[in-house]
Amino acid sequence: RSMTSTVSTVTSDVWVTVGMPVGANVRIVTAGGSGDCSYELTAEALSGVFVGDAAFTAISTDEAVSSVRCITRTITVDTLTPNVPVINAVATDDIINSSETSTTITGTAEIGATVALTIGENVRTITSDGSGDWSYELTAEDLSVMGEGDVTLSAAATDEAGNTSEHTTRSSTV
């Protein structure tokens, strides 16, 4: 996933050149007349940064290189796509009969991920708990959209950093 964001803005009257170590690379940006500067992180810039917490330090100097000032900001880098969520067997045998109309659909995903569960034309959003478990109780509207016969449920997980997994599916019968 391409990640682009401004991570540091340095403001000063006299600081004109800023070196920002980004992983194994140093990026040089020059402040404008107001002393403001920023650097936009791109996928290329993040290629040398591991996944997890990363510290970015802006080291600024004046034109004569007679003064140095440092500002550090720590960010979390997460460019990994979460694992595909799991949809467990529906009603234990993937068949919803007339006595199981209040069935709960369950599954697992990355801890804290938002799961988009697609039931027919409806998309239901659920957040996985601290163990990665999620559940959704079918409503009368869901059952109406599902109709009678074979139905395919679909789910994708989006982690807290906004990375979205591939979809997974589960076939059931109503």
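Residues numbered from 1 in each chain as written. Predicted model: local features only at pLDDT ≥ 70, side-chain atom pairs only at ≥ 80, totals over all residues. Heavy atoms only, no water.

1. Some remarks on the overall build of the chain
Then, in step 1: Looking only at helices and strands, the chain has two helices and 13 strands in total.
Then, in step 2: In the chain, buried positions account for 39% of the 174 residues.
Then, in step 3: A separation threshold of at least 6 residues defines the contact pool for the chain, and within that pool the share at least 24 residues apart is 54%.
Then, in step 4: As displayed, the chain has an accessible area near 9,400 Å², and 48% of this comes from carbon and sulfur atoms. (Helix = DSSP H or I, 4+ residues; strand = E, 2+ residues; numbered from the N terminus. Buried < 20%, exposed > 50% of the residue type's maximum accessible area, 1.4 Å probe, protein only. Contact = heavy atoms within 4.5 Å. Areas by Shrake-Rupley, 256 points an atom, 1.4 Å probe, with all protein chains shown as cover.)

2. So, the nonpolar core
Then, in step 1: Of all hydrophobic cores here, the largest spans 21 residues; its most connected members are Ile96, Ile105, Leu117, Ile119, Trp134, Leu138 and Met146.
Then, in step 2: Broken down by secondary-structure element, the contributors of at least two residues to this core are strand E9 (114-119), strand E11 (133-137), helix H2 (140-146) and strand E12 (150-158).
Then, in step 3: When residues of this core are assigned to their parent elements, the largest contribution, four residues, is made by E12.
Then, in step 4: Not counting residues up to four positions away in its chain, the partners in contact with Leu138 are Ile96, Thr101, Thr103, Ile105, Ile119, Leu143 and Met146. (Core = buried A, V, L, I, M, F, W, Y, C linked by side-chain atoms within 4.5 Å.)

3. Examining the sheet that holds strand E13 (residues 168-173)
Then, in step 1: Across the sheet, which stays open at both edges, the four strands sit in the order E10-E9-E12-E13 with antiparallel pairing between neighbours. A strand with exactly one partner marks an edge of an open sheet, and here the two such strands are strand E10 (122-127) and E13. Across this sheet, the average inter-strand angle for adjacent strands is 25°, counted without regard to direction.
Then, in step 2: One ladder, built from six bridges, connects E9 with E12; its direction is antiparallel. (Pairing = 2+ DSSP bridges. Axes fitted to C-alpha atoms, helices over the stretch in contact; angles between N-to-C directions.)

4. Describing the pattern of salt bridges
Then, in step 1: Applying the stated criterion across every chain, the model contains three salt bridges.
Then, in step 2: Here Asp94 makes a salt bridge to Arg170, at a shortest N to O gap of 3.0 Å. Here Asp94 is found in the loop between strand E7 (86-87) and strand E8 (104-108), whereas its partner Arg170 is found in strand E13, with 76 residues between them in sequence.
Then, in step 3: Between Arg124 and Glu141 there is a salt bridge, with its nearest N and O atoms 3.5 Å apart. In this pair, Arg124 sits in strand E10 while Glu141 sits in helix H2, placing the two residues 17 residues apart along the sequence.
Then, in step 4: The exposure class assigned to Arg124 is buried, which follows from its relative accessible area of 18%. (Salt bridge = Lys/Arg side-chain N within 4 Å of Asp/Glu carboxyl O.)

5. So, the pairing of E12
Then, in step 1: Of the pairings in the sheet, the one linking E12 to E13 comprises six bridges and is antiparallel in character. When the bridges of E13 are listed, Val151 appears paired with Ser172.

6. Focus on unusual backbone geometry
Then, in step 1: One non-glycine residue, Ala91, adopts positive backbone phi at about 55°.
Then, in step 2: Mapped onto the elements, Ala91 comes out in the loop between E7 and E8.
Then, in step 3: Backbone geometry places Asp94, a non-glycine residue, at a positive phi of 60°.
Then, in step 4: Judged by relative accessible area, which is 17%, Asp94 ranks as buried.

7. Section: the side chain of Thr103
Then, in step 1: In this fold, Thr103 is placed in the loop between E7 and E8.
Then, in step 2: Among the polar contacts listed, one links the side chain of Thr103 to the backbone oxygen of Glu100, at a separation of 2.3 Å.
Then, in step 3: Sequence-distant contacts of Thr103, defined by excluding residues within four places in its chain, comprise Val90, Ala91, Ile96, Tyr136, Glu137 and Leu138. (Polar contact = N/O pair within 3.5 Å; in protein donor to acceptor, adjacent residues only side chain to side chain.)

8. Describing the environment of Leu143
Then, in step 1: Along the chain, Leu143 falls in helix H2.
Then, in step 2: Expressed as a C-alpha distance, the spacing of Leu143 and Ile96, which sit 47 residues apart in the sequence, is 9.5 Å.
Then, in step 3: Not counting residues up to four positions away in its chain, the partners in contact with Leu143 are Ile96, Thr101 and Leu138.

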